[in-house]
Amino acid sequence: MRHCSVQVRGLLTRDELDRYNALMEVGSFLESQNRYDLAYTVQKEVDLLIQPAIERLKDKGRQRDRDTQDYLEAKKLAMLDELAELDDED
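Below: a short report on this structure. (Residues numbered from 1 in each chain as written. Predicted model: local features only at pLDDT ≥ 70, side-chain atom pairs only at ≥ 80, totals over all residues. Heavy atoms only, no water.)

Attention shifts here to the overall build of the protein. A tally of helices and strands in the protein yields three helices and zero strands. Going residue by residue from the N terminus, the α and β elements of the protein occur as α-α-α. Its C-alpha atoms give the protein a radius of gyration of 24 Å, more than 25% over the compact-globule value 12 Å for 90 residues. For the protein, the proportion of its 90 residues judged to be buried stands at 21%. A fraction of 61% describes how many contacts in the protein between residues 6 or more apart in sequence connect residues 24 or more apart. Approximately 7100 Å² of the protein is accessible, and the part contributed by carbon and sulfur atoms is 54%. Counting 14 positive and 21 negative side-chain charges, the protein places the averaged centre of each group 13 Å from the other. (Helix = DSSP H or I, 4+ residues; strand = E, 2+ residues; numbered from the N terminus. Rg over C-alpha atoms; globule rule 2.2 N^0.38 Å. Buried < 20%, exposed > 50% of the residue type's maximum accessible area, 1.4 Å probe, protein only. Contact = heavy atoms within 4.5 Å. Areas by Shrake-Rupley, 256 points an atom, 1.4 Å probe, with all protein chains shown as cover. Lys, Arg positive; Asp, Glu negative; His and termini not counted. Charge placed at Lys NZ, Arg CZ, Asp CG, Glu CD.)

Rendered as structure tokens:
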């Protein structure tokens, strides 16, 4: 069974995390019994379960990118204002 990343696991709701842990336990048991055919089905369920958390992680990344862009724009405007003030003093 493939685990999802710590970042994705951290964004699972309590219910999703409980279900994730239960599915991983079932999948591990099936693998220990050499029932890889059934473990594959469980893995597919895990993959579906974590999709909302993956989207939440992408949204956080997009928000971080927007915040960075806003910060850089503000810095650029501040520098331009400083340059304009220096030009006015001359």
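The next thing to look at is a nonpolar patch on the surface. Taken together, Leu-77, Leu-80, Leu-83 and Leu-86 make up a surface patch of nonpolar side chains, about 390 Å² in accessible area. Residue position: Leu-83 is located in helix α3 (residues 36–89). Residue class for Leu-83 comes out partly exposed when judged on its relative accessible area of 48%. (Patch = residues over 30% accessible without salt bridge, like charges linked within 9 Å, V, L, I, M, F, W, Y side chains within 5 Å. Salt bridge = Lys/Arg side-chain N within 4 Å of Asp/Glu carboxyl O.)

So, on to α3. Along its 54 residues, α3 runs 76 Å from first to last C-alpha, staying within 8% of the 80 Å computed at 1.5 Å per residue. At Gln-51, α3 shows its largest kink, close to 40°, and the proline Pro-52 lies no more than four residues downstream. All of the buried residues in α3 are Ala-39, Val-42, Gln-43, Val-46, Leu-49, Ile-50, Ala-53 and Gly-61. Residues of α3 that are buried sit in contact with α1 (6–10) and α2 (14–32). (Expected span 1.5 Å × (residues − 1). Bend = angle between axes of the 7 residues up to and from the residue.)

Our next topic: the nonpolar core. Of all hydrophobic cores here, the largest spans 15 residues; its most connected members are Met-1, Leu-12, Tyr-20, Val-46 and Ile-50. Those elements giving two or more residues to this core turn out to be α2 and α3. With six residues, the single largest contributor to this core is α3. Every residue in contact with Val-46, bar those within four places of it in the chain, is listed here: Met-1, Tyr-20, Leu-23 and Met-24. (Core = buried A, V, L, I, M, F, W, Y, C linked by side-chain atoms within 4.5 Å.)

Positioned with a positive phi, Asn-34 is a non-glycine residue whose angle comes to about 60°. With respect to the helices and strands, the residue Asn-34 is situated in the loop between α2 and α3.

Relative to the assigned elements, Leu-49 resides in helix α3. Taking the C-alpha atoms as reference points, Leu-49 and Arg-19, separated by 30 residues in sequence, lie 8.3 Å from one another.

A cluster of acidic side chains, namely Asp-81, Glu-82, Glu-85, Asp-87, Asp-88 and Glu-89, defines a negative patch on the protein surface. On the basis of relative accessibility, which here comes to 65%, the residue Asp-88 falls in the exposed class.

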